[in-house]
Amino acid sequence: MVLKAFFPTCCASADSGLLVGRWVPEQSSAVVLAVVHFPFIPIQVKELLAQVQQASRVGTAVLGTWCHCQQEPEESLGHFLEGLGAVFPHEPWLQLCRERGSKFWSCKATHRQVPATTGAASEDQVMLIFYDQRKVLLSQLHPPTAPPDHQAGDATASTGDLAAVFDTVARSELLFRSDRFDEAPVRLSHWQSEGVEASILVELAKRASGPVCLLLACLLSLVSAASACRLFKLWPLSFLGSKLSTCEQLRHRLEYLTLIFSTQKAKDPTELMRKANMLISVLLDVALGLALLSWLHGKNRIGQLADALVPVADHVAKELQQLLQWLMGAPAGLKMNRALDQVLGRFFLYHIHLWISYIHLMSPFIEHILWHLGLSACLGLTVALSILSDIIALLTFHIYCFYVYGARLYCLKVYGLSSLWRLFRGKKWNVLRQRVDSCSYDLDQLFIGTLLFTILVFLLPTTALYYLVFTLLRLLVVAVQGLIHLLVDLVNSLPLYSLGLRLCRPYRLAAGVKFRVLEHQAGRPLRLLMEINPLPYSRVVNTYRLPSCGCHPKHSWGSLCRKLFFGELIYPWRQKEDKQD
């Protein structure tokens, strides 16, 4: 039988001693975690392993002996190490030795508990696999989504077989707290053998994070309680709060901050990664918002925007007036219904007149309004973009009204024509059973139906033209708002911390491992080097993508075309699960 022994590369030059780790019988593999150096007391070694096993729930034990012949030239050391098998009984008993003055290694795995007829201990072949203990400890293994690709010269290992190795190293942090330089009764060599990595700033941040998180959690709970007040649930406020993009984004940011500054410890590495992604997303959002705030308040740019807003609104209104004058004539040489054309044109022109009067009435206060709205950029770039989307919706409210009027008239005519067409065929729509049933009509009903059908048919082109023009204008506004919402969702949902880890520390996000052959000679154990395959960028984004606020429409192309054809309204805030008109 071939046994796999995972040996840390940091222990390759360690002094002779005992191999401490975990035996995985399902995979016939031994995961070496550390080397215990001389001198030691066996009972103290057993107590340390019992503490580690109780804290980490990992069955750690003494797996065998490690002999570094370059540092121990005595011939009696090998016999002494072989005798330790009686003090620390384990099956199988590993014996790893690095030969003196050579790069070759010798590996043996013996079974002392053999049948009496054999009379001697049996040996198994050992495959020695080196791994970087620090990288394996800090990495997070992700299950594969597809069968791994085999490359030339590399053997890609199955993630299920290696999950035990990664889990063993990750849960044995208590064993790595003491090293060979400590004055503890047991001296160990592992990935922190040259000293425990620490930083004064990191330790101070850890100690200060508890009170800061508690204080911020209390403040956020007060804000959440104030937002849940009954006053905000009244009809006008509740309607605006559910329809404005700014309110949706503030509610989304409040959920982020509540989860970030929660005093509860993360349950698993995935939740910890999610909190880190949220924190980096909020910090980047605030940094971009402050940069935008400094740009707006520099060189009186807010005054320049306020001075340019009224002329732009007048220009848009003038273009709309010219468009309506064109529609009231003979657009593209089409013959329109003169009476209906004049009524609709004058009706929309009156709305434009009201809108221009409203803009000029608000012009003295626009600069002050923009100045106060610009201060909201300190809450983040996404809040500023959400306010921009709401401002665009407010400034194009007259276009929205034109679209609603045209859509309602067109929808009324389309459904009226469909109903009268069923009348000609002797059918009607059964509201209770939601189906088309046969029906007999008398002569008067058929005459009135024919008259109404004729009127609607001749009025449909005029209504359809107005509906088409204002629908295109409405879709243009919705497209601009959609681009703003996509940018907001990009900042909200992009896992920046995970992408930074993938760029700077690719081993932290492991998709699997590959093996590189170090030694393969007859009579010598096979030695391999385990290297970590990083997770692809696309899978990093799909795995750690944060939830977005979802305040933009999610219509499919088929549903959108059907709504446009039948004249149904397209709301920018309505979702799939909402009831449609």
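Quantities reported herein were computed from a predicted structural model and do not represent experimental measurements.

A. Layout of the overall build of the protein. Check the secondary structure of the protein and you find 17 helices and 14 strands. Per-residue burial for the protein yields a buried fraction of 41% across its 581 residues. Sequence-distant contacts in the protein: of pairs separated by 6 or more residues, those separated by 24 or more amount to 70%. Just so you have it, the protein exposes about 32,600 Å², and 64% of that area is on carbon and sulfur atoms.

B. Spatial organisation of the side chain of glutamine 140. Its place among the elements puts glutamine 140 in strand E8 (residues 140-141). Look at glutamine 140 and you get buried, because its relative accessible area is 16%. A polar side-chain atom of glutamine 140 sits 3.3 Å from a polar atom in the side chain of threonine 270.

C. Highlighting the packing of aromatic side chains. Summed over all chains, the structure comprises 16 aromatic pairs. With 6.4 Å between their ring centres and 35 degrees between their planes, tyrosine 415 and phenylalanine 566 make a pair best called tilted. With tyrosine 415 in helix H13 (residues 397-424) and phenylalanine 566 in helix H17 (residues 557-566), this pair connects stretches of sequence that are 151 residues apart. Given a relative accessible area of 41%, tyrosine 415 falls into the partly exposed group. The class for phenylalanine 566 is partly exposed, based on a relative accessible area of 30%. Considering the side-chain rings of phenylalanine 565 and phenylalanine 566, the 5.2 Å spacing of their centres and the 90 degrees angle between planes classify their relative orientation as edge-to-face. A cation sits over an aromatic face here: arginine 502 above tyrosine 537, 4.5 Å from the ring centre.

D. Expanded view of the nonpolar core. Counting 36 residues, the largest nonpolar core has Leu175 and Met530 as the members making the most contacts within it. Contributions of two or more residues to this core are made by strand E2 (17-24), strand E3 (29-37), helix H1 (42-56), strand E7 (122-131), helix H3 (133-138), helix H4 (159-170), strand E13 (509-519) and strand E14 (527-534). When residues of this core are assigned to their parent elements, the largest contribution, 5 residues, is made by H4. Grouped together as the second largest cluster of nonpolar side chains are 21 residues, Ala30, Val35, Trp66 and Leu128 included.

E. The arrangement of the layout of surface pockets in detail. What the second largest pocket holds in volume is close to 750 Å³. Counting only elements with at least two residues in the lining of the second largest pocket, the list comes to helix H5 (200-227), helix H6 (235-243), helix H7 (245-260) and helix H8 (269-296). Residue-level mapping places the lining of the second largest pocket at the junction of two domains, with at least three residues from each of domain 2 (200-293) and domain 3 (294-493 + 551-566).

F. Highlighting H8. Between the first and last C-alpha of H8 there are 40 Å, a value that for 28 residues agrees with the 40 Å anticipated at 1.5 Å per step. Looking at H8, one finds that the buried residues are Met273, Lys275, Ala276, Asn277, Met278, Ser281, Val282, Asp285, Gly289, Leu293 and Leu296.

G. Region of the structure containing the packing of H7 against H8. H8 packs onto H7 with a crossing angle of 130 degrees between their chain directions and a minimal axis gap of 10 Å. Taken together, the axes of H7 and H8 are oblique relative to one another. Relative to H8, H7 is oriented so that their crossing is left-handed. Facing Arg253, Tyr256, Leu257, Leu259 and Ile260 of H7, the residues of H8 in contact are Arg274, Lys275, Met278, Leu279, Ser281, Val282 and Asp285.

H. Structural context of the UniProt feature "transmembrane region" (unreviewed entry) in the protein. Within this structure's numbering, the places UniProt gives as "transmembrane region" (unreviewed entry) are residues 276-296, 343-361, 373-396, 445-469 and 475-499. The straight-line gap between the two end C-alpha atoms of residues 276-296 is 30 Å; of that span, 100% is helix and 0% is strand. Split by type, residues 475-499 is 92% helix and 0% strand. Its first and last C-alpha atoms lie 35 Å apart.

Rules and cut-offs
- Residues numbered from 1 in each chain as written.
- Predicted model: local features only at pLDDT ≥ 70, side-chain atom pairs only at ≥ 80, totals over all residues.
- Heavy atoms only, no water.
- Helix = DSSP H or I, 4+ residues; strand = E, 2+ residues; numbered from the N terminus.
- Buried < 20%, exposed > 50% of the residue type's maximum accessible area, 1.4 Å probe, protein only.
- Contact = heavy atoms within 4.5 Å.
- Areas by Shrake-Rupley, 256 points an atom, 1.4 Å probe, with all protein chains shown as cover.
- Polar contact = N/O pair within 3.5 Å; in protein donor to acceptor, adjacent residues only side chain to side chain.
- Phe/Tyr/Trp six-rings, centres within 6.5 Å; stacked < 30°, edge-to-face > 60°.
- Lys NZ or Arg CZ within 6 Å of the ring centre and 35° of its normal.
- Core = buried A, V, L, I, M, F, W, Y, C linked by side-chain atoms within 4.5 Å.
- 1 Å grid on protein atoms, 1.4 Å probe; cavity = no way out; pocket = protein on both sides within 12 Å on 5 of 7 lines; lining within 4 Å.
- Points joined across faces, edges and corners; volume = space filled by probe spheres on them.
- Domains from an automatic or database assignment.
- Expected span 1.5 Å × (residues − 1).
- Axes fitted to C-alpha atoms, helices over the stretch in contact; angles between N-to-C directions.
- Parallel < 35°, antiparallel > 145°, perpendicular 65-115°, else oblique.
- Left-handed = near helix turned anticlockwise from the far one by under 90°.
- UniProt positions renumbered as here; feature names shortened; annotations may be inferred.

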